Amino acid sequence: QVQLVESGGGLVQTGGSLRLSCATSGRTFSSYDMGWFRQAPGKEREFVAAITQSGSSTSYGDSVKGRFTISRDNDKNTVYLQMNSLKPEDTAVYYCAATRTPYIATLRTARTYNYWGQGTQVTVSS
């Protein structure tokens, strides 16, 4: 069982930055591929970013590419999402998720993930 706890959300103005963190329990963090998703009111959950177990490969959703960066620290059992140049349309609840999969392409799909955090709210004001 993996427990995920997100933090770092908040209110920021357009063009600002935030860094989300997702701390995990257990000693097997480095064996999990990690992802970030977001969900705005009335919308489906959207893929944001993913990173493989070692951190050697990353993937981004088209709407955040070039503005967001996913990273991980396996010694701290934590995955991060650095969000720059934030826009009002980035407003959503952000979730981190964990899975183990040999198929990197599937990390863009929510149903691939077995474990989810409770989410953290990000609000970008115009």
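In this report, the structure presented in the accompanying data block is examined. (Residues numbered from 1 in each chain as written. Predicted model: local features only at pLDDT ≥ 70, side-chain atom pairs only at ≥ 80, totals over all residues. Heavy atoms only, no water.)

The strand order across the open sheet formed by four strands is β1-β3-β8-β7, and the pairing between neighbours is antiparallel. Because the sheet does not close on itself, it has two edges, and the strands there are β1 (4–7) and β7 (68–73). Taking the axes of each pair of neighbouring strands and ignoring which way they run, one obtains an average angle of 15° across the sheet. Looking at chain direction, β7 and strand β8 (residues 78–83) are connected through six bridges and run antiparallel. When the bridges of β8 are listed, Asp 73 appears paired with Thr 78. (Pairing = 2+ DSSP bridges. Helix = DSSP H or I, 4+ residues; strand = E, 2+ residues; numbered from the N terminus. Axes fitted to C-alpha atoms, helices over the stretch in contact; angles between N-to-C directions.)

Before going further, it helps to examine the nonpolar core. Counting 28 residues, the largest nonpolar core has Met 34, Trp 36, Leu 81, Met 83 and Tyr 94 as its most contacted members. Contributions of two or more residues to this core are made by β3 (18–24), β4 (33–39), β5 (46–51), β7, β8, β9 (92–99) and β11 (120–125). Among the elements that make up this core, the one with the highest residue count is β9 (four residues). In this structure, Phe 47, Ala 50, Leu 107 and Tyr 113 belong to the second largest nonpolar core, which totals six residues. (Core = buried A, V, L, I, M, F, W, Y, C linked by side-chain atoms within 4.5 Å. Buried < 20%, exposed > 50% of the residue type's maximum accessible area, 1.4 Å probe, protein only.)

On to the environment of Val 2, then. For Val 2, the position within the fold is in the segment before β1. For Val 2, a relative accessible area of 8% gives the class buried. When the C-alpha atoms of Val 2 and Tyr 115 are compared, they prove to be 6.5 Å apart, with 113 residues separating the residues in sequence. With near-sequence residues (within four places) excluded, Val 2 lies in contact with Thr 24, Ser 25, Tyr 32 and Tyr 115. (Contact = heavy atoms within 4.5 Å.)

Below, the discussion takes up the environment of Gly 66. Its location among the elements puts Gly 66 in the loop between β6 (58–60) and β7. Along the primary structure Gly 66 and Lys 43 are separated by 23 residues, whereas in three dimensions their C-alpha atoms are 23 Å apart.

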